[in-house]
Amino acid sequence: MLEIFQYSFMVRAFIAGIVIGIIAPLIGNFLVARRYSLMADSLSHMSLAGVAIGLITGIYPIYTAMIVAVAGSIAIELLRTEKRISGEVVLAMFLSGSLAIAIVLISFARGFNVDLFSYLFGSISTVREIDLWIISGLGLVVLTVIFFLYKELVYIAFDEEAAKVSGVKVRLLNIVLVILTAVTVSLSMRIVGALLIGALMVIPVVAAMQLRKSFKQTVLFAIMFGLISVISGLFISYYLNLAAGGTIVVLALALFGVTIILNKSN
Amino acid sequence: MKKEPIIKLETVSFSYNGGKIIDRISLEIKRGDYVGIIGPNGGGKTTLLRLVLNLLEPQSGLVYLSGQPVSQFREWSMIGYIPQKATQFETRFPITVGEVVSLGTVARKGMFRRSDKADEKSVENALHIVGMEEFKSKLITELSGGEQQRVFIAKALASEPDLLILDEPTVGIDLESQEKFYELLQNLNQRMGKTIIIVSHDIDVTVNEVSVLVCINRSLIYHGEPKQFIKKDYLEKLYGKGRRFILHGH
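The paragraphs below set out a description of the structure included in this document.

1. Observations regarding the pairing of strand 3 (residues 34-38) of chain B
Residues and elements named next belong to chain B.
(1) Moving on: Within strand 3, 5 of the 5 residues are buried, leaving the element largely enclosed by the surrounding structure.
(2) Moving on: With burial as the criterion, each face of strand 3 is covered, one bearing Tyr-34, Gly-36 and Ile-38 and the other bearing Val-35 and Ile-37.
(3) Moving on: Alignment of strand 3 against strand 8 (residues 195-199), held across 4 bridges, turns out to be parallel. What sits directly across from Tyr-34, in strand 8, is Ile-196.
(4) Moving on: Of the strand pairs in this sheet, strand 3 and strand 9 (residues 212-217) are connected by 4 bridges, and their pairing is parallel. Its bridge partner lying in strand 9, Ile-38 is registered against Cys-215.

Rendered as structure tokens:
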């Protein structure tokens, strides 16, 4: 067995990383297709506010992060549909607004500390067994929901109005999609960190888009790129002693670079 | 076949930001009709469609589809809607022709149900009707405007609808493709018995193609045979003096 797997924290990091490497780009496809790429970043900032609440109250921060992100995702969706503020503007507002709230909450408590940094940039050595259960369990929920609502979500991503006319419950499914995004974002904080999760949701997807395949194949390639980035990122960061989250995202960028060149040469 | 009109509007009015866009329009559309809706820009054509499709709610009046109030209507697979393509469909993300057409089968399936063999068959069939079978695995962006429009028709046909609603379907499409496109619509109407409603700014073509003409400019200006419309001075009323029809023989 490789030396790396003798450490149980690395085994846990790999299991959590594989789940996230699948679901983050999977959700990302639907976000990118409907030009919602900033959603992940907005929600990660909200998760951070949630983490701050957790650190202050002593509740496990992943729980509070998830609750705040889910509530925030619903708020974004309602503002977009009910108040007719354009999606882009709502996202921009939440993107920086929630970061401000996070900062205020953190300085209100006890200033920046190591604990917070582990959520900002990810910290694979802190993935606990409970995290594994949460990540795997909710990851499975995300996969199942997308499997069964696939055709509706594709329809909404490409033509929301026509989907509505076909009797698709567009409002409900939009909320389902943002909730799934919020859950994925808060789950991923442990591995890639709040500041980089958006990249893991978007970059593998944009790389897959360069291959100019069908939607389904694009989804599969995005997942493959996500997995390659996460798995090789964990290996490289372990042996070269680098930050895992950053390494993963840099690898995803490198894959994107390769696909761009492939696309050009075709 | 049911007797009631496929679409019925009863004194329907709709305002937006205080301005009346649709003013007390009553209208019945019978099964099997090929209806052209014309009128000046801003005259409420697209709004009328959106009211029929329950995408907008009228401030007063009622809309019925197949005899049911539109708010209670559930058989959406009966209707194939083709919105103005250029503004609606997201084409930056890769998707194949086959995948686009299979979106049309979503209407008749319930939530949580995955596509099956029967859906696949409907997709093949729809592509065959519009003559686009060999494009099935191409990306939608690799097609010309005219070809894309046929794909969107196929998508609408994939739910095997009785009624096709098209909003400005020929915008941005070259003349030759337009001719083929209207041929296809004639075919769908006459051979396959589909009711067709087409909204168009291209009055000359519409008047020549359809069997029933509806002209609106906030209120209903004309509803009847295109021939009668041409004979009278409706056009001058709508668009000002000097507007003449170009007639094509069939």
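2. A closer look at the nonpolar core
(1) Moving on: Ranked by size, the top nonpolar core spans 132 residues in total, and within it A:Phe215, B:Val101, B:Ile153, B:Leu166 and B:Leu185 carry the most contacts.
(2) Moving on: Core analysis: the next-biggest nonpolar cluster, separate from the first, contains 34 residues, B:Leu48, B:Val70, B:Leu163 and B:Ile216 among them.

3. Considering helix 10 (residues 215-240) of chain A
The periodicity of an α-helix, 3.6 residues per turn, causes residues three or four positions apart to be oriented the same way.
(1) Moving on: Look at helix 10 of chain A: 36 Å from first C-alpha to last across 26 residues, which is about the 38 Å you get at 1.5 Å a residue.
(2) Moving on: Inspection of helix 10 of chain A places A:Phe215, A:Thr218, A:Val219, A:Ala222, A:Ile223, A:Phe225, A:Gly226, A:Ser229, A:Val230, A:Gly233, A:Leu234 and A:Ser237 among the buried residues, and these make up the whole buried set.
(3) Moving on: Considering only its buried residues, helix 10 of chain A is in contact with helix 1 (8-33), helix 6 (129-158), helix 9 (197-209) and helix 11 (244-265) of chain A together with helix 3 (97-103) of chain B.
(4) Moving on: Remark: A:Asn241 follows helix 10 of chain A within two positions and exhibits a positive phi of approximately 55 degrees.

4. Details of the packing of helix 5 (residues 145-157) of chain B against helix 6 (residues 175-190) of chain B
Residues and elements named next belong to chain B.
(1) Moving on: Contact geometry of helix 5 with helix 6 gives a least axis separation of 10 Å together with a crossing angle of 15 degrees. The angle between helix 5 and helix 6 falls in the class roughly parallel. In this structure, the crossing between helix 5 and helix 6 has a hand that is right-handed. Within the contact between the two elements, helix 5 uses Gly-146, Gln-149, Arg-150, Ile-153 and Leu-157 and helix 6 uses Ser-177, Lys-180, Phe-181, Leu-184, Leu-185 and Leu-188.

5. Some points on the environment of A:Glu152
Residues and elements named next belong to chain A.
(1) Moving on: Relative to the helices and strands, Glu-152 resides in helix 6.
(2) Moving on: By relative accessible area, which is 2% here, Glu-152 ends up buried.
(3) Moving on: Residues Glu-152 and Ile-74 lie 78 residues apart in sequence; the distance between their C-alpha atoms is 19 Å.

6. What about the interface of chain B and chain A?
(1) Moving on: Contact with chain B, which involves 29 residues of that partner, is made by 33 residues of chain A.
(2) Moving on: Counting each side, the surface lost to burial between chain B and chain A is near 2900 Å², with a carbon and sulfur contribution of 64%.
(3) Moving on: Counting every contact that joins chain B to chain A gives 2 salt bridges.
(4) Moving on: Residue B:Arg50 is joined to A:Glu161 by a salt bridge in which the shortest nitrogen-to-oxygen separation is 2.7 Å.
(5) Moving on: Where chain B packs against chain A, one counts 5 residue pairs in polar contact (both at pLDDT 80 or more).
(6) Moving on: The residue inventory of the side of chain B that touches chain A, partitioned by class, reads 15 nonpolar, 5 polar and 9 charged.

7. Considerations on a nonpolar patch on the surface
(1) Moving on: On the surface, a nonpolar cluster with roughly 460 Å² of combined accessible area is contributed by A:Leu2, A:Ile236, A:Tyr239, A:Leu240 and A:Leu242.
(2) Moving on: Relative to the assigned elements, A:Leu240 resides in helix 10.

8. Side note on the packing of helix 1 of chain A against helix 10 of chain A
Residues and elements named next belong to chain A.
(1) Moving on: Viewed as axis vectors pointing N to C, helix 1 and helix 10 meet at an angle of 145 degrees, and their least axial separation amounts to 8 Å. Classified by chirality, the crossing of helix 10 by helix 1 is right-handed. Contacts between helix 1 and helix 10 involve Met-10, Ala-13, Phe-14, Gly-17, Ile-18, Gly-21, Ile-22, Pro-25, Leu-26, Asn-29, Phe-30 and Ala-33 on the former and, on the latter, Phe-215, Thr-218, Val-219, Ala-222, Ile-223, Gly-226, Leu-227, Val-230, Ile-231, Leu-234, Phe-235 and Tyr-238.
(2) Moving on: Grouping the amino acids of the contact of helix 1 with helix 10 by side-chain chemistry returns 19 nonpolar, 5 polar and no charged.

9. Re the sheet that holds strand 5 (residues 68-69) of chain B
Residues and elements named next belong to chain B.
(1) Moving on: Strand order in the open sheet formed by 4 strands is 2-1-4-5, with antiparallel pairing between adjacent strands. This sheet does not close on itself; its edge strands, each paired only once, are strand 2 (19-29) and strand 5.
(2) Moving on: When strand 1 (residues 7-16) meets strand 2, the two strands line up antiparallel, connected through 7 bridges. Paired with Ile-7 across the strands is Ile-29, a residue of strand 2.

10. Let's talk about the packing of aromatic side chains
(1) Moving on: In total, this model carries 19 aromatic pairs over all chains according to the counting rule given.
(2) Moving on: Measuring from centroid to centroid gives 5.5 Å for A:Tyr60 and A:Tyr63, while their planes differ by 80 degrees, and the two rings are edge-to-face.
(3) Moving on: We classify A:Tyr60 as buried; its relative accessible area is 13%.
(4) Moving on: Overall, A:Tyr63 belongs to the partly exposed group, its relative accessible area being 38%.
(5) Moving on: Through a chain of ring-to-ring contacts, the aromatic side chains of A:Phe30, A:Tyr150, A:Phe158, A:Phe215 and B:Phe93 assemble into a single cluster.
(6) Moving on: Over the aromatic face of A:Tyr36 sits the side chain of A:Arg34, whose NZ or CZ is 5.1 Å from the ring centroid.
(7) Moving on: Its guanidinium or amino end placed over the ring of B:Tyr64, B:Lys8 lies 5.6 Å from that ring's centre, counting from NZ or CZ.

Reading the values: the criteria
- Residues numbered from 1 in each chain as written.
- Chains lettered and ligands numbered in written order.
- Predicted model: local features only at pLDDT ≥ 70, side-chain atom pairs only at ≥ 80, totals over all residues.
- Heavy atoms only, no water.
- Buried < 20%, exposed > 50% of the residue type's maximum accessible area, 1.4 Å probe, protein only.
- Helix = DSSP H or I, 4+ residues; strand = E, 2+ residues; numbered from the N terminus.
- Pairing = 2+ DSSP bridges.
- Core = buried A, V, L, I, M, F, W, Y, C linked by side-chain atoms within 4.5 Å.
- Expected span 1.5 Å × (residues − 1).
- Contact = heavy atoms within 4.5 Å.
- Axes fitted to C-alpha atoms, helices over the stretch in contact; angles between N-to-C directions.
- Parallel < 35°, antiparallel > 145°, perpendicular 65-115°, else oblique.
- Left-handed = near helix turned anticlockwise from the far one by under 90°.
- Buried area = accessible area lost by both parts, 1.4 Å probe.
- Salt bridge = Lys/Arg side-chain N within 4 Å of Asp/Glu carboxyl O.
- Polar contact = N/O pair within 3.5 Å; in protein donor to acceptor, adjacent residues only side chain to side chain.
- Nonpolar A, V, L, I, M, F, W, Y, C, P; charged D, E, K, R; others polar.
- Patch = residues over 30% accessible without salt bridge, like charges linked within 9 Å, V, L, I, M, F, W, Y side chains within 5 Å.
- Areas by Shrake-Rupley, 256 points an atom, 1.4 Å probe, with all protein chains shown as cover.
- Phe/Tyr/Trp six-rings, centres within 6.5 Å; stacked < 30°, edge-to-face > 60°.
- Lys NZ or Arg CZ within 6 Å of the ring centre and 35° of its normal.

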